Amino acid sequence: MHTETQETKISLFMSEAGSQGKKVRIYFDGQPLDVPDDVSVASALLMSGVRTFRSTPVSGSARAPYCMMGVCFECLVEIDGRPSRQSCLTQVRDGMLIQRQEGASGLNMQSAEN
Ligand code: FES
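Computed from a prediction, not measured in an experiment: that's the story for all the values here.

Draft legend 1. How the structure looks around the overall build of the chain. The helix and strand tally for the chain stands at two helices and eight strands. Ordering the α and β elements of the chain from the N terminus gives β-β-α-β-β-β-β-β-β-α. In the chain, buried positions account for 23% of the 114 residues. In the chain, 40% of the contacts between residues at least 6 apart in sequence involve partners at least 24 apart.

Draft legend 2. Region of interest: the nonpolar core. Of all hydrophobic cores here, the largest spans 18 residues; its most connected members are Val41, Ala44, Leu45 and Val77. Looking at this core, the elements with two or more residues in it are strand 1 (23-28), helix 1 (41-47) and strand 5 (76-79). For this core, the element with the most residues is helix 1, which contributes five residues. Ignoring sequence-local partners within four residues, the contact set of alanine 44 consists of Ile26, Leu33, Val35, Val39 and Val92.

Draft legend 3. Quick peek at the environment of aspartate 38. Structurally, aspartate 38 can be placed in the loop between strand 2 (31-36) and helix 1. A count of 15 C-beta atoms within 10 Å places aspartate 38 in the partly exposed class. Linking aspartate 38 and valine 24, residues 14 residues apart in sequence, is a C-alpha distance of 9.1 Å.

Draft legend 4. Spatial organisation of the sheet that holds strand 4 (residues 62-63). Strand order across the open sheet formed by three strands is 4-3-8, with mixed pairing between neighbours. Edge positions in the open sheet fall to strand 4 and strand 8 (101-102), since each of these has one partner strand only. Here strand 3 (residues 54-55) pairs with strand 4 via two bridges, running antiparallel. Residue pairing for strand 4: serine 55 is matched across the bridge by alanine 62.

The rules we used
Residues numbered from 1 in each chain as written. Predicted model: local features only at pLDDT ≥ 70, side-chain atom pairs only at ≥ 80, totals over all residues. Helix = DSSP H or I, 4+ residues; strand = E, 2+ residues; numbered from the N terminus. Buried ≥ 20, exposed ≤ 12 C-beta atoms within 10 Å, placed from the backbone. Contact = placed C-beta atoms within 7 Å. Core = buried A, V, L, I, M, F, W, Y, C linked by C-beta atoms within 7 Å. Pairing = 2+ DSSP bridges.

By themselves, these observations are geometric and do not establish any function.
Dropping the structure here:
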């Protein structure tokens, strides 16, 4: 008996909500990305194909999220001008500005007070 199989492209980072959920627009390194409104920044970036979130201060090697639960600190990015934000613990918001973090980040006291 021959049965038709439907090939479906499945990604590890697909949203369970699929395309039925509401979307928000975020910006990663200036590029607009339309992502589900109920996911973390790390999930949204991974779903959008981003694979490098930051580089290390010493060797400059590329890093990306690992634990997705706030333990490893591999997912650090700059969010709305604030450096070293854990993207796996931050929910996306419409208009959010996210930057890849290159090497060590400086401490911006003005943005830290907000
Ligand atoms: S992925 Fe490990 S702390 Fe965010």
